[in-house]
Amino acid sequence: RAGDARWSRIVKGQANGRCQRCLFLRPLDPHHVFAKGRYPHLRHEIANGIALCRVCHDFAHAHPVTFERWWMGTVGDEIFTRLVSASMSTERGMAH
């Protein structure tokens, strides 16, 4: 999909070649903080993406709670609150 490729390119480009978790210069994978399958409306939201090296990407999937705590402290309250609000409104809509 063109939107996925654009999102990936922007998320990785913002990192300037550095993993945004460990800060090493390594090949990067884009990662959706709020899962794209569960929150499809956040799929192309740049703020919902982070560029991670393979080691940190694997860590994010293996330890999602620990990763999300770290991410919350990194992005700040404004971005976190906006994404959480958007994800909660979608979940409420799915419940009906």
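Higher on the page you've got the structure.
Procedures and definitions
- Residues numbered from 1 in each chain as written.
- Predicted model: local features only at pLDDT ≥ 70, side-chain atom pairs only at ≥ 80, totals over all residues.
- Heavy atoms only, no water.
- Helix = DSSP H or I, 4+ residues; strand = E, 2+ residues; numbered from the N terminus.
- Contact = heavy atoms within 4.5 Å.
- Salt bridge = Lys/Arg side-chain N within 4 Å of Asp/Glu carboxyl O.
- Buried < 20%, exposed > 50% of the residue type's maximum accessible area, 1.4 Å probe, protein only.

Participant: Give a description of the environment of Leu-52 that names residues and reports values.
Facilitator: Along the chain, the position of Leu-52 falls in strand 2 (residues 49-52). The sequence separation of Leu-52 and Asp-29 amounts to 23 residues, and the corresponding C-alpha distance is 5.3 Å. The residues contacting Leu-52, other than those within four sequence positions of it, are Cys-19, Arg-21, Pro-27, Leu-28, Asp-29, His-31, His-57, Ala-60 and Phe-67.

Participant: Help me get a handle on the pattern of salt bridges, residues and values and all.
Facilitator: In the structure shown here, the tally under the stated rule is 4 salt bridges. Taking the shortest distance from any N to any O, the salt bridge between Arg-43 and Asp-4 comes out at 2.7 Å. With Arg-43 in the loop between strand 1 (29-32) and strand 2 and Asp-4 in helix 1 (residues 2-14), this pair connects stretches of sequence that are 39 residues apart. Given a relative accessible area of 22%, Asp-4 falls into the partly exposed group. With its nearest N and O atoms 2.8 Å apart, the salt bridge here joins Asp-58 to Arg-54. Taken together, the positions of Asp-58 and Arg-54, both in helix 2 (residues 54-62) and 4 residues apart, correspond to about one turn of that helix.

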